[in-house]
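Chain and residue survey
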Amino acid sequence: MSVPSKEFDEVLRRLSAASRVTALTGAGVSAASGVPTFRGAGGLWREFRAEDLATPRAFARDPALVWEWYNWRRGLIAACQPNRAHEVLAAWSRERPGFSVVTQNVDGLHERAGTVNLTRLHGSIWMLQCWSECGAAPWEDRRTPLDPRPPRCRACGGLARPGVVWFGENLNPSDLAAADAACACAVMLVIGTSSIVYPAAGLTDIARSRGAVIVEINPEFTPAGADIGLRAPAELALDALARRVG
Ligand code: OAD
């Protein structure tokens, strides 16, 4: 691939020298798999209103509508395969000590590619949890499609909700702590995210304040404030990097 060679060589050098590397990923990593991103051309938030579908208020108002949307997304994602970007990150997570992945994605494609040292900041579309927080542990349910009626909590029989983080909700404290710990790295690769949704977008500043070099892999410029930008699709840039760093 043709990544501007000066930046590409600099990233190679940094990656080869770094003992701790963290990849912070967003929807763009799964774009080549066919999973729609949220923003930009073809993005989900162009067609749907987040307030109607991805907030606790939306679920309280119309759980069937929210489940219909999640059911549709689950079916769409189930038909997708991890792409080269997921594969490279998975290989590095297994082969390079000190390599971790922090993702905002709920699609499960990092896991399917075999990624270890993975933190899911926004949960998983394949997990369900009790809407009334009866105390039942979240559970996995990979059926597609789910019954058109909203699923029920396995413990209390009340409504179940998708195990994802919605707008207006706090992130799981242990996930946040793991993400914070992953910011102690020499290189942070910020891949396929618009870097506008917090607290995830704030992780680059935390990493920078601890001395990390911020490398962005994204065809578009974002507010991530990268030190080095590879303006290319993740699946191509990561493939090219993997061929050189092993
Ligand atoms: P966005 O949809 O906001 O941004 C996707 C980014 O991926 C954009 O910057 C694109 O330029 C870039 N992109 C597209 N194709 C790419 C490719 N092949 N390689 C690399 N980059 C590519 O997605 P996120 O930043 O992940 O939150 O969105 C953050 C959060 O906002 C999501 O987790 C979700 C959403 O609302 C919740 O649902 C809580």
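All residue numbers refer to position in the chain's written sequence, counted from 1. Two thresholds apply to this predicted model, a pLDDT of at least 70 for residue-level local features and 80 or more for giving and counting side-chain atom pairs, whereas whole-chain, interface and lining totals are computed over all residues. Excluding hydrogens and water, the side-chain figures rest on all heavy atoms present in the structure.

Quick look at the site of the ligand now. The immediate surroundings of the ligand are formed by 23 residues, with Ala-27, Phe-38, Arg-39, Thr-193 and Ser-194 found nearest. Any N or O atom pair separated by 3.5 Å or less is treated as a polar contact, with the protein-specific requirement of one donor-capable and one acceptor-capable atom, and with residues adjacent in sequence counted only for side-chain atom pairs. Interatomic distance of 3.2 Å between a backbone N/O atom of Gly-192 and an oxygen atom of the ligand. The separation between an oxygen atom of the ligand and a polar side-chain atom of Ser-194 is 2.6 Å. With respect to the pocket detection grid, the ligand is positioned in the largest pocket. Any residue outside Ala, Val, Leu, Ile, Met, Phe, Trp, Tyr, Cys, Pro, Asp, Glu, Lys and Arg is labelled polar, Gly included; the first ten of those are nonpolar and the last four are charged. When grouped by side-chain class, the residues that make up the shell around the ligand number 11 nonpolar, nine polar and three charged. Here, proximity means that at least one heavy atom of the residue falls within 4 Å of the molecule or strand. Only protein atoms enter the calculation, which uses a 1 Å grid: trapped sets of points that fit a 1.4 Å probe without letting it out are cavities, open sets showing protein on both sides within 12 Å along at least five of seven lines are pockets, and any residue with an atom within 4 Å of a point is a lining residue. Grid points define the cavity or pocket, and a molecule sits in it when more than half of its atoms lie within 2 Å of them.

Our focus in this paragraph is the sheet that holds strand E8 (residues 213–217). Sheet strands associate in pairs through backbone hydrogen bonding, adopting either a parallel or an antiparallel arrangement. In this analysis, strands are considered paired if DSSP registers two or more bridges between them. A run of DSSP states H or I qualifies as a helix once it reaches four residues; a run of E qualifies as a strand once it reaches two. Both are numbered from the N-terminal end. Across the sheet, six strands lie side by side as E3-E2-E1-E7-E8-E9; this open sheet has parallel pairing. Since the sheet does not close on itself, it has two edges, and those belong to strand E3 (118–120) and strand E9 (228–230), each with one partner. Along the sheet, successive strands turn relative to each other by an average axial angle of 20 degrees, direction set aside. Bridge count between strand E1 (residues 21–25) and strand E2 (residues 99–103): five bridges; the pairing is parallel. Its bridge partner lying in E2, Val-21 is registered against Phe-99. Whether two residues touch is decided by their heavy atoms; if any such pair falls within 4.5 Å, the residues are in contact. Orientation is described by lines fitted to C-alpha atoms, with helices fitted over the stretch in contact, and by angles between N-to-C directions that extend from 0 to 180 degrees. Helix H6 (residues 84–95) contacts E1, E2 and strand E7 (187–191) of the sheet and is inclined by roughly 135 degrees relative to E2.

Once that is clear, we can look at the nonpolar core. Counting 29 residues, the largest nonpolar core has Trp-92, Leu-189, Ile-191, Ile-217, Leu-238 and Leu-241 as its most contacted members. Contributions of two or more residues to this core are made by helix H1 (5–17), E1, H6, E2, E7, E8, E9 and helix H10 (234–245). Looking at this core, the element that brings in the most residues is H10, giving six residues. The residues contacting Leu-238, other than those within four sequence positions of it, are Ala-85, Val-88, Leu-89, Trp-92, Ile-191 and Ile-217. In these notes, a set of buried Ala, Val, Leu, Ile, Met, Phe, Trp, Tyr and Cys residues joined through side-chain atoms within 4.5 Å is what counts as a nonpolar core. Relative accessibility thresholds used throughout: buried, under 20% of the residue-type maximum; exposed, over 50%; partly exposed, between the two (1.4 Å probe, protein chains only). In terms of nonpolar packing, the next biggest core, distinct from the first, is built from 25 residues, Leu-53, Ala-54, Ala-58 and Cys-80 among them.

Of the volumes computed, that of the largest pocket is approximately 1000 Å³. In terms of lining residues, the largest pocket is bounded by 50 residues, among which Ala-27, Thr-37, Phe-38, Arg-39 and Ser-194 are the most central. Counting only elements with at least two residues in the lining of the largest pocket, the list comes to helix H2 (44–47), helix H5 (63–78) and H10. It is H5 that contributes the most residues to the lining of the largest pocket, four residues altogether. Looking at the lining of the largest pocket residue by residue, the classes come out as 29 nonpolar, 15 polar and six charged. Grid points are joined across faces, edges and corners, and a volume is the space filled by probe spheres set on the points.

Before going further, it helps to spend a moment on the domain arrangement of the chain. Each domain span listed reflects an automatic or database assignment of domains. Along its sequence, the chain is carved into domain 1 (1–34 + 82–122 + 171–246) and domain 2 (36–79 + 124–164). Contacts between the two partners involve 13 residues from domain 1, matched on the other side by 14 residues from domain 2. A simple way to read buried area is as the amount of 1.4 Å-probe accessible surface that goes missing from two parts once joined, with both sides added. When the area that domain 1 buries against domain 2 is broken down by residue, the three leading residues are Ala-27, Val-106 and Asp-107, summing to 40%. Put simply, domain 1 and domain 2 have two residue pairs in polar contact (both at pLDDT 80 or more) between them. Grouping the amino acids of the side of domain 1 that touches domain 2 by side-chain chemistry returns five nonpolar, five polar and three charged.

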